[in-house]
Amino acid sequence: MRSLLPLFSLFISLLAAHVRAVNFKVNVRQRAAAALAARANGQNAVPVANTHNSEYIANITLGGREIPVLLDTGSSDLWVTGNVPNAKDLGKSLSLSYAVGNAAGDVHTATLEFANYTVQDQAFLLVQDTSSFSVDITSQGYEGLIGLGPNTGSVIRNKLDSSSADSVLDRIFSQNTTSANYLTILLNREGDPDSPATGQLTISEVLPQYSNITSMPKLPVTKVHKLTDEDQHWQVYTDVNGVLGPDGQPIVVDSIVPSAPDGQLVVVFDSGFTLPQVPRAMADAIYGRVQGAEYNTASEVWTVPCDQLIPLTFKFGGVEYPIHPLDVSSSDFNMINSLGNPVCVGTFQPITSAFSLLGEYDIILGMAFLRNTYTLLDYGNFMENTASDRGDPYVQLLPLTDVNAAHKDFVQVRLNGVDTTGDPSHALLPPDQMQHSPISEAEKKKAYEEMILSRWPYIFVGCLAFVLIVVGLITWRCCVRRRRKREAKSASVRLPDTSATPRSPGAHAISFKRLEDGAMPENMEMRESKGYESYHSSEYRPSFASSRTRV
């Protein structure tokens, strides 16, 4: 995910002292002018190096140069630093924003090799100047980043509008018609005696020892609105009451996603986040009842005593995924509390900088969660140029953490082999004594903006309906007034009252009685006719209505 955490600064100094370069060879699949030639043989897992549980790195080969890059399922672009042999500059420049700074430069193309595939003319951003970065990324063991998210999130693709600018995975899958379009990731845990020695990544195949992942529930990826599909991520719904806190009870939090079903939250799986991001109320429920817990306002993190075992479980598709207690708090940050005592950082922190203003997700589950699962990401119809595997994209998660074994690991690592987790000093505080982290004014503003922006389709429809109703009322009112005016005008128009109208000289009144007797005044017709003509010419002009009136 391009908008990462300000928390990155917490482990910069630690990483600088412990980083090592990653060196392992990657053989590849060949793509000619129009096709990729398969060479997968079932032994194509890519080793993934772990830098103190804070970064996961794999090697790519670009233009013949081997480059260690961060694995990021939350973004979709490839960028590297330094020089790339035989690269072609396309004359397009852009900038990608990350927590450590802006990756800015020109877009180039070169031959890419990754996970036993070769892609010709792969577009990437070549970053020559890293002075804007807050850290020396080379000294920390990586020289770029590979985005493994959906293709719609690629800034380079949107800039070039060309198939060569598609993301790396999209280029690989577009001609790989013989197998499914999926990726699997296994992350190891440093400091855990039972964790795998190294992480691994595969494309279109699963690790044999974890083959039962294919029998796990397929969690459908929730789609964002087409107008904002550049923000599409690997996101799914939790189960109802899908987060169980330290007391084993559900942590009830309302979703900010307008379309989310009641009781469910939208979760993004993002390997680019060291510390998972959760709603503030959820972070408070996880750490606020721990004795000795403090919220560090400067770093915006909860801190807890390192000897505190904190249970935490997520539920997806009816399956429980316990989090290893070594992943619920981390001793890798060298932090102290207000008393100057060393403490651990609570890894599930309040979501701040990564808060979704468009209301598209509630939680970002990063490395501290992903170490507890073997993860399969099926791209399905995210791929636009493939004839096979056109189903809906989904995620499958295989739980790896055994609660009892994890408890023993925690006792060995944090408690020097002496289990004191049942001591009164480690008991949770009563719910009414739970601490709450403060909400900043900036966070309140974001929450208000999200409430508006996330509901823009409903607001738009509501405004449109209001305008139509107002226009309809105005039109109806105008029609009513016009009809009333016509009726009033029609009622006021009558033939002249000849008894009140001055007659021309010599005119005589006509007696109905005399008419009934058959007698008629001499020259009556002529005199009456003259009288009418005199009136017509001087005052009265008959209307259409009066011309039809019979007197």
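See the structure above.
Description of the structure in this document. (Residues numbered from 1 in each chain as written. Predicted model: local features only at pLDDT ≥ 70, side-chain atom pairs only at ≥ 80, totals over all residues. Heavy atoms only, no water.)

With four bridges joining them, strand β22 (residues 329-336) and strand β23 (residues 342-346) adopt antiparallel strand pairing. Among the inter-strand pairings, Ile336 is bridged to a residue of β23, identified as Pro342. Where β22 folds back onto β23 in an antiparallel hairpin, the turn is made up of five residues, including Gly340, whose phi is positive at roughly 85°. (Pairing = 2+ DSSP bridges. Helix = DSSP H or I, 4+ residues; strand = E, 2+ residues; numbered from the N terminus.)

A few words now on the nonpolar core. Core analysis: the largest hydrophobic core is formed by 83 residues, its most contacted members being Val80, Leu201, Ile203, Phe269, Phe316, Phe348 and Phe369. Not counting the four nearest positions on each side in its chain, Phe348 is found in contact with Pro276, Val278, Ala283, Ile286, Tyr287, Leu312, Phe314, Ile323, Asp327, Val328, Leu365 and Ala368. By size, the runner-up hydrophobic cluster in this structure holds 20 residues, among which are Leu94, Ala123, Val127 and Leu145. (Core = buried A, V, L, I, M, F, W, Y, C linked by side-chain atoms within 4.5 Å. Buried < 20%, exposed > 50% of the residue type's maximum accessible area, 1.4 Å probe, protein only. Contact = heavy atoms within 4.5 Å.)

Let us look at unusual backbone geometry. In the Ramachandran plot, Asn241 falls in the positive-phi region, its phi being about 50° despite a non-glycine side chain. As for its placement among the helices and strands, Asn241 is situated in the loop between β14 (235-237) and β15 (243-244). Positive phi outside glycine occurs at Glu300, with the angle close to 60°. With respect to the helices, strands and loops of the structure, Glu300 is situated in the loop between β18 (294-296) and β19 (301-304). The exposure class assigned to Glu300 is partly exposed, which follows from its relative accessible area of 28%.

Turning next to the side chain of Asp192. You can see Asp192 is positioned in the loop between β11 (182-186) and β12 (199-203). Residue Asp192 is classed as buried on the basis of its relative accessible area, which comes to 9%. Leaving out residues up to four positions away in the same chain, Asp192 has contacts with His324, Leu326 and Asp409.

It is worth spelling out helix α4 (residues 280-287) at this point. Of all eight residues that make up α4, six are buried, and the element is covered over most of its length. Looking at α4, one finds that the buried residues are Arg280, Met282, Ala283, Asp284, Ile286 and Tyr287.

Turning our attention to the state of the cysteines. Any covalent bond linking the sulfur atoms of two cysteines counts as a disulfide. Evaluation of the coordinates by the stated rule reveals one disulfide. Linked covalently through their sulfurs, Cys306 and Cys344 form a disulfide whose S-S length is 2.1 Å. Of note, the bridge from Cys306 to Cys344 carries an S-S torsion of about 110° and is right-handed in sense. Of this pair, Cys306 sits in the loop between β19 and β20 (313-316) while Cys344 sits in strand β23, placing them 38 residues apart in sequence. (Disulfide = S-S within 2.5 Å.)

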